[in-house]
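An overview of the molecular structure
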Amino acid sequence: MARRIDVTGAGGVRLAAWEFAEPPKADPDRAAPQAPGVLLLHGLMGRASHWAATARRLAGRHRAVALDQRGHGRSDKPPESAYTREAYVEDAEAALEQLGLAPAVVIGHAMGALTAWQLAAKRPDLVRGLIISDMRASALGAASQREWADWFRSWPVPFATLADVRKWFGEDDPWVERPTPSRGAFYAEVMHERDDGWRPVFEPEQMLRSRETFVYDAHWEELAQVRCPALVVRALDGELGRAEAQEMVRVLPQGQYAEVPDAGHLAHYDQPDAWQAAVEPFLEGVLTG
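Here's a quick rundown of the structure. From a predicted model like this one, the values you see are computed outputs, not experimental measurements. (Residues numbered from 1 in each chain as written. Predicted model: local features only at pLDDT ≥ 70, side-chain atom pairs only at ≥ 80, totals over all residues. Heavy atoms only, no water.)

In contact at an axis separation of 9 Å, helix H2 (residues 85–99) and helix H3 (residues 111–122) are set at 70° when each is read in the N-to-C sense. Our classification of the angle between H2 and H3 gives roughly perpendicular. Counting all contacts with H2, which are made through Arg 85, Tyr 88, Val 89, Glu 90, Ala 92, Glu 93 and Leu 96, the residues of H3 involved are Met 111, Leu 114, Thr 115, Gln 118, Leu 119 and Lys 122. (Axes fitted to C-alpha atoms, helices over the stretch in contact; angles between N-to-C directions. Helix = DSSP H or I, 4+ residues; strand = E, 2+ residues; numbered from the N terminus. Parallel < 35°, antiparallel > 145°, perpendicular 65-115°, else oblique. Contact = heavy atoms within 4.5 Å.)

Attention now goes to the nonpolar core. Core analysis: the largest hydrophobic core is formed by 70 residues, its most contacted members being Met 45, Trp 117 and Ile 132. The element that contributes the greatest number of residues to this core is H3, accounting for eight residues. In this structure, Ile 132 is in contact with Gly 108, Ala 113, Trp 117, Leu 223, Leu 231, Val 232, Val 233, Met 248 and Leu 252, ignoring residues within four places of it in sequence. With 28 residues, the next largest nonpolar core counts Ala 55, Ala 64, Ile 107 and Val 279 among its residues. (Core = buried A, V, L, I, M, F, W, Y, C linked by side-chain atoms within 4.5 Å. Buried < 20%, exposed > 50% of the residue type's maximum accessible area, 1.4 Å probe, protein only.)

An order of S1-S2-S4-S3-S5-S6-S9-S10 is seen for the eight strands of this open sheet, with the pairing classed as mixed. The open sheet is flanked by strand S1 (3–8) and strand S10 (255–260), the only strands paired with a single partner. For this sheet, the mean angle separating the axes of adjacent strands, direction not counted, is 25°. Contacting strand S3 (37–41), strand S5 (104–109) and strand S6 (127–133), H3 runs over the sheet at an angle of about 155° to S6. Where helix H9 (residues 242–251) meets the sheet, its contacts fall on S6, strand S9 (230–235) and S10, and the angle it forms with S10 comes to roughly 150°. (Pairing = 2+ DSSP bridges.)

Relative to the helices and strands, His 109 resides in strand S5. Non-local contacts of His 109, meaning those with residues more than four positions away in its chain, are made with Leu 41, His 42, Gly 43, Trp 51, Ser 133, His 265, Leu 266 and His 268.

Enumeration over the complete set of coordinates arrives at 21 salt bridges. Glu 19 serves as the salt-bridge partner of Arg 3, at 2.4 Å between the closest nitrogen and oxygen. Taken together, the residues span a long stretch of sequence, with Arg 3 in strand S1 and Glu 19 in strand S2 (residues 14–19) at a distance of 16 residues. For Arg 3, a relative accessible area of 45% gives the class partly exposed. Classification of Glu 19 as buried rests on a relative accessible area of 2%. Within the structure, one salt-bridge network assembled from shared partners comprises Glu 93, Glu 97, Lys 122, Arg 123 and Asp 125. (Salt bridge = Lys/Arg side-chain N within 4 Å of Asp/Glu carboxyl O.)

Structural data, given as structure tokens:
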């Protein structure tokens, strides 16, 4: 069972945080500190449930909580709300403080990874370790934003069934190079049923607004300001190239590098065993260091 905990984010936006497993039990015979906190941040269009497998694996030694970020999942999606970098970072700050997780390891995928390292640079007191999964520090540019806008318009919404969702995103989407069932399953998790069929739980316009706040700029300066141990995780078939990943490790004051073989952009979701094997040594070092 997943337990939902509401958090109040920047500007009063209600955010849904989720625990997918019971936190570690305290030893009644010892006045031991609480289990180390972990905050999991999904990427653009994602939701907390995409971290469920990771959260359950971490639960033996950590208190792992995944956040539905503003505009995503079960969190509020106010049309006039700020979908800025500052708002996303302030939301993560609020989650760490209100959930009592800090100082925590913050694990982020894609846009969530950018939020994680911006948070670590801004509030080093809240972050004891950082895991960056498949997010570039370089600017992506206007062409990339146009491609995303065109891609959203290509979605054949509404989908008649969830099977149609899985097939389109796993096979028929022009962005798919080869059939990828896990990609179809990933997108099926961000759909909900409406009167006319299945549509995304988010508003595509809000996703584009969120994305335009980071694609035009590089983020190397903030990366260099991260003082805690940080792991850059590269999926071999993902969006982060080897040279850029290694440069990110060099720029990070305490940077480390790991790879997930035979995985694409959604490595933590479609290859949970390999993902866990890549990050576990780093987590162990942060926990015992």
